[in-house]
Amino acid sequence: MKLYTGERPSVFRLLGKYMRKGLYGILTQGPIPTHLAFILDGNRRFAKKHKLPEGGGHKAGFLALLNVLTYCYELGVKYATIYAFSIDNFRRKPHEVQYVMNLMLEKIEGMIMEESIINAYDICVRFVGNLKLLSEPVKTAADKIMRATANNSKCVLLLAVCYTSTDEIVHAVEESSELNSNEVCNNQELEEANATGSGTVIQTENMESYSGIKLVDLEKNTYINPYPDVLIRTSGETRLSNYLLWQTTNCILYSPYALWPEIGLRHVVWSVINFQRHYSYLEKHKEYLK
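Computed from a predicted model, the values in this text were never measured in an experiment.

S.K.: So what about the overall build of the chain? Which residues, and what values?
M.R.: From N to C terminus, the chain includes 10 helices and six strands. Taken over 290 residues, the chain has a buried fraction of 43%. Counting only contacts in the chain whose residues sit at least 6 apart along the sequence, the fraction spanning at least 24 positions is 77%. Accessible surface for the chain amounts to roughly 16,200 Å². Of this, 55% is attributable to carbon and sulfur atoms.

If you want it as structure tokens, here you go:
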């Protein structure tokens, strides 16, 4: 089987663009999700299904990602989060992990190119997760593309790499603890200065006393914000697999049977329709949680 490269005759590409525009015109009569999150499940099964060489599924998956980003941009979705590589994936065979890292490096460098979809659609790229676990070349490339796209503002692509939700929660707790500890120390120093008269007298009666970590502290220190409106996991799996456990409290979950490289416009459209159907309930529940 010849791997689809994503290239089509310009007349068909143009026709497809106008058809999508008409469809979007209908969809945008209702609310559009601010944030779509994706679990890219099924790359290896796709390669096995189509008898592709090792890594062929991941390459096809990258082309699917570019298509999905196009649809998000055209629809007016502001944020798209991709579960690109889990910390748990390091348990796979070393050569497989290395292949994915090499592919990630190759695609990051490709996205930096001036004519890439990232620059064409004014997309800001952010890598989130425990980035110190990345190999040095990938970390350097990630820093480079984040700097290069920092001023892009139409859409934000969050790439969750070396990420698990439990690691994210631990990170949020640690950051919040450190922040609150510093605040307590500063308040104590001010109180001592007031008591001894050794510094400028500052009224501390109305300062909120330290009572441990608060919900708002944790939410500010999670890797991924804002929270997603819709989470799409391909291949029919309904597990979250340690992804966005904190952020999916008020989120539509959608699990099409298509493998990730098979994801298409219809799946993105259906996720938006599901979001619109449940929008009123989601908004009421969001108010209840505040």
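There's plenty left to go through after this.
S.K.: I'd like a description of the nonpolar core, backed by residues and values.
M.R.: Core analysis: the largest hydrophobic core is formed by 50 residues, its most contacted members being Phe38, Met104, Ile108, Ile118, Phe127 and Leu157. Here this core takes eight residues from helix α3 (residues 56–75), the largest share from any one element. Residues Tyr79, Cys124, Leu158 and Leu244 belong to the second largest nonpolar core, which totals 16 residues.

S.K.: Break down the environment of Ala141 for me, citing the residues and quoting the values.
M.R.: Inspection of the secondary structure puts Ala141 in helix α6 (residues 136–148). Through-space distance from the C-alpha of Ala141 to that of Lys107 is 9.8 Å; in sequence the pair is 34 residues apart. Those residues within four positions of Ala141 in sequence are excluded, and the remaining contacts are Leu105, Ile108 and Ile112.

S.K.: Got a sec to walk through a nonpolar patch on the surface? Specific residues and values, please.
M.R.: Taken together, the side chains of Val11, Phe12, Leu15 and Met19 define a hydrophobic patch exposed on the protein surface, amounting to about 440 Å² of accessible area. When you line up the elements, Val11 lands in helix α1 (residues 10–27). Looking at Val11, the relative accessible area reads 55%, which means it is exposed.

S.K.: Explain α6 to me, and be specific about the residues and the numbers.
M.R.: The end-to-end C-alpha distance of α6, which contains 13 residues, comes to 18 Å, matching closely the 18 Å that a straight helix rising 1.5 Å per residue would cover. Where α6 is concerned, the buried positions are Val138, Ala141, Ala142, Ile145 and Met146. Projected down its long axis, α6 shows its buried positions confined to an angular sector of 135°, all on one face. For α6, the secondary structure elements touched by its buried residues are α4 (94–112) and β3 (123–128).

S.K.: Give a description of the packing of aromatic side chains that names residues and reports values.
M.R.: Across all of its chains, the model carries eight aromatic pairs by this definition. Taken together, a centroid distance of 4.3 Å and an interplanar angle of 5° make the contact between Tyr73 and Tyr121 stacked. Of this pair, Tyr73 sits in helix α3 while Tyr121 sits in the loop between α5 (117–120) and β3, and the two are 48 residues apart along the sequence. Under the relative-accessibility criterion, Tyr121 is labelled partly exposed at 21%. Site record: aromatic cluster; members linked through ring pairs are Tyr83, Tyr163, Tyr223 and Tyr243.

S.K.: Describe the pairing of strand β1 (residues 35–39), with residues and values.
M.R.: Judged by how many residues are buried, β1 sits mostly within the fold: five of five residues are covered. What you see with β1 is no split at all: His35, Ala37 and Ile39 on one side and Leu36 and Phe38 on the other are buried throughout. Sheet topology places β1 next to strand β2 (residues 79–86); five bridges connect them, and they run parallel. In the strand pairing of β2, Leu36 is matched with Ala80. Note that β1 and strand β5 (residues 230–233) share four bridges and pair parallel. Counterpart to Ile39 in the pairing with β5 is Arg233.

S.K.: Before we move on, could you go through the pattern of salt bridges and cite the residues and values that matter?
M.R.: By the definition in use, this model includes 10 salt bridges. Glu262 serves as the salt-bridge partner of Lys49, at 2.9 Å between the closest nitrogen and oxygen. One end of the pair, Lys49, is in helix α2 (residues 43–49); the other, Glu262, is in the loop between β6 (252–254) and α9 (265–277), with 213 residues separating them in the sequence. Residue Glu262 is classed as partly exposed on the basis of its relative accessible area of 24%. Between Glu237 and Arg239 there is a salt bridge, with the nearest N and O atoms lying 3.6 Å from each other.

Reading the values: the criteria
Residues numbered from 1 in each chain as written. Predicted model: local features only at pLDDT ≥ 70, side-chain atom pairs only at ≥ 80, totals over all residues. Heavy atoms only, no water. Helix = DSSP H or I, 4+ residues; strand = E, 2+ residues; numbered from the N terminus. Buried < 20%, exposed > 50% of the residue type's maximum accessible area, 1.4 Å probe, protein only. Contact = heavy atoms within 4.5 Å. Areas by Shrake-Rupley, 256 points an atom, 1.4 Å probe, with all protein chains shown as cover. Core = buried A, V, L, I, M, F, W, Y, C linked by side-chain atoms within 4.5 Å. Patch = residues over 30% accessible without salt bridge, like charges linked within 9 Å, V, L, I, M, F, W, Y side chains within 5 Å. Salt bridge = Lys/Arg side-chain N within 4 Å of Asp/Glu carboxyl O. Expected span 1.5 Å × (residues − 1). Arc of directions from axis to C-beta. Phe/Tyr/Trp six-rings, centres within 6.5 Å; stacked < 30°, edge-to-face > 60°. Pairing = 2+ DSSP bridges.

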